[in-house]
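Chain by chain, the residues run as shown.
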Amino acid sequence: MSNKKIQKILVTGSVGQIGSELTMALREKYGAENVVACGRKTKPSPELLESGPFEWLDVTDKEKLARVCEKHGVDTIVNMAAILSATGEKNPQLAWNVNVTGLINTLELAREAGLTQVLCPSSIAVFGKGCPRVDTPQETVLKPSTMYGVTKVTGELLCDYYVGRFGVDARGLRYPGIISHKTLPGGGTTDYAVEIFYKAVEEKRYTCFLGPDTRLPMMYMPDCIKATMDLMEADFEKLEHHGDFNISAMSFTPAELAEEIRKHIPEFEITYEPDFRQAIADSWPQSIDDSAARKEWGWKPSYDLAAMTADMLEHLQKRHAEGKLYG
Ligand code: SER
């Protein structure tokens, strides 16, 4: 079952925050023509569209998913299509359809067609009531309070079920909040940690939708891409876990992030107007124990708060000076 060579990859949700950068990194590694980007409705960037194959695809449409995979001879699906936590609270059924039906479609296809691998991303949103919020362990109670979390726990269980029951090579990691400067995130509770940089550069002020002391686990995009690609290449035989790896890089509060930004932009001001996303953040861990990922596939992050902040501001300030902050 395991360690077949990854040759032809389909990335669902490739127009999203992680998908857009992951697709380009995968094209770099596996060859541009070997990575098929898919999107549901958002217009892809010229970079994504012109650098390799692109297909319009809704992951809830299993027949089309199968047709696209067959057309391109796909052996590996990276299922980045998802509705995030805040949008999921506004439209729980949509979150279930995209996140669960979409995932089981890819797992079923992997089983039927004997695919090499399926990557099933999970999230810190799987945690909720009853688990330790500091250094949250790999194995703990999973009682999320959001529909997004419910779909991600279900996804982890499905992933492990397909591994154990059908021998499908399915893997996944629990992403923390992801910070990046290429594609804006959408509909997440951790999105403030991206918005704050754009506003700091543009207006030197930001109104945060979470309170000052809300500590959450976060990761810079280069680490997110590395974690994802390292897990995809990990030796299956050495994995004790499959769909649910904790991964960690840094944890901070909005007040701490503002302080770090002020080291570069001293006049930066932050105010706080917590909304419904505060309750979501308060149900999530503050920091994560990722020792299983470190042990089983050698995970190690490169960016901390200071390095991430400096790099984010360098990129965004350059774009702002060129009048292209938002691309
Ligand atoms: N970034 C996600 C969210 O906030 C968490 O995985 O919904």
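Everything discussed here concerns the structure shown above.
Now for a look at the structure at hand. (Residues numbered from 1 in each chain as written. Predicted model: local features only at pLDDT ≥ 70, side-chain atom pairs only at ≥ 80, totals over all residues. Heavy atoms only, no water.)

**Examining the pattern of salt bridges**
All chains considered together, the criterion is met by 19 salt bridges. Measuring nitrogen to oxygen at the nearest pair gives 3.8 Å for the salt bridge that ties E202 to K199. Taken together, the residues E202 and K199, both in helix 7 (residues 192-202) and 3 residues apart, mark about one turn of the helix. In this structure, R294 and D290 form a salt bridge, with 2.8 Å as the shortest nitrogen-oxygen distance. Note on R294: relative accessible area 39%, which makes it partly exposed. Each of E156, R174 and D244 takes part in salt bridges that share partners, so that together they form one network. (Salt bridge = Lys/Arg side-chain N within 4 Å of Asp/Glu carboxyl O. Helix = DSSP H or I, 4+ residues; strand = E, 2+ residues; numbered from the N terminus. Buried < 20%, exposed > 50% of the residue type's maximum accessible area, 1.4 Å probe, protein only.)

**Description of the environment of M232**
Positionally, M232 belongs in helix 8 (residues 221-233). C-alpha of M232 to C-alpha of D169: the two residues are 63 residues apart in sequence and 9.9 Å apart in space. Other than its neighbours up to four places away in sequence, M232 contacts I6, I9, L26, T76, V78, Q117, L119 and R171. (Contact = heavy atoms within 4.5 Å.)

**Brief notes about the site of the ligand**
By nearness alone, every residue bordering the ligand is listed as L84, S85, S123, Y148, Y175, G188, T189, T190 and W284. Between the ligand and S123 there is a distance of 2.7 Å, counted from an oxygen atom to a side-chain nitrogen or oxygen. If the ligand stood free it would expose 240 Å²; the protein chains cover 94% of that surface. (Near = heavy atom within 4 Å. Polar contact = N/O pair within 3.5 Å; in protein donor to acceptor, adjacent residues only side chain to side chain. Areas by Shrake-Rupley, 256 points an atom, 1.4 Å probe, with all protein chains shown as cover.)

**Topic: the pairing of strand 4 (residues 76-79)**
Residue alternation in strand 4 divides its side chains into two sets, T76 and V78 and I77 and N79, and both sets are buried. Relative to strand 4, strand 1 (residues 9-12) runs parallel, the two sharing 4 bridges. The residue bridging V11 from the neighbouring strand is V78, located in strand 4. Sheet topology places strand 4 next to strand 5 (residues 117-119); 3 bridges connect them, and they run parallel. Bridge pairing in strand 5 places T76 opposite Q117. (Pairing = 2+ DSSP bridges.)

**Description of the packing of aromatic side chains**
Counted according to the given criterion, the structure contains 9 aromatic pairs. Relative to F166, the ring of Y161 lies with its centre 5.8 Å away and its plane at 90°, an arrangement referred to as edge-to-face. What makes F166 partly exposed here is its relative accessible area of 32%. A centroid spacing of 5.1 Å and a plane angle of 50° characterise the contact between Y162 and F166, whose relative ring orientation is tilted. Separated by 4 residues within a single helix, Y162 and F166 lie in helix 6 (residues 147-166), roughly one turn from each other. Look at Y162 and you get buried, because its relative accessible area is 4%. The residue whose ring lies beneath R111 is F166, and the NZ or CZ to ring-centre distance is 4.9 Å. Over the face of the ring belonging to F209 we find R277, whose NZ or CZ atom lies 3.5 Å from the ring centre. (Phe/Tyr/Trp six-rings, centres within 6.5 Å; stacked < 30°, edge-to-face > 60°. Lys NZ or Arg CZ within 6 Å of the ring centre and 35° of its normal.)

**Looking at the packing of helix 7 against helix 12 (residues 305-321)**
Contact pair helix 7 / helix 12: the axes reach a minimum separation of 10 Å and the direction vectors enclose 50°. Taken together, the axes of helix 7 and helix 12 are oblique relative to one another. Note that helix 7 runs across helix 12; the crossing there is right-handed. On the side of helix 7, the interface is formed by F197, Y198, V201 and E202, while helix 12 contributes M308, T309, M312, L313, L316, Q317, R319 and H320. Taken together, the residues that form the contact of helix 7 with helix 12 break down as 7 nonpolar, 3 polar and 2 charged. (Axes fitted to C-alpha atoms, helices over the stretch in contact; angles between N-to-C directions. Parallel < 35°, antiparallel > 145°, perpendicular 65-115°, else oblique. Left-handed = near helix turned anticlockwise from the far one by under 90°. Nonpolar A, V, L, I, M, F, W, Y, C, P; charged D, E, K, R; others polar.)

**A look at the environment of I265**
With respect to the element layout, I265 can be found in the loop between helix 9 (254-262) and strand 14 (269-272). The class for I265 is buried, based on a relative accessible area of 4%. Along the backbone, I265 and L313 are 48 residues apart, and their C-alpha atoms lie at a distance of 9.3 Å.

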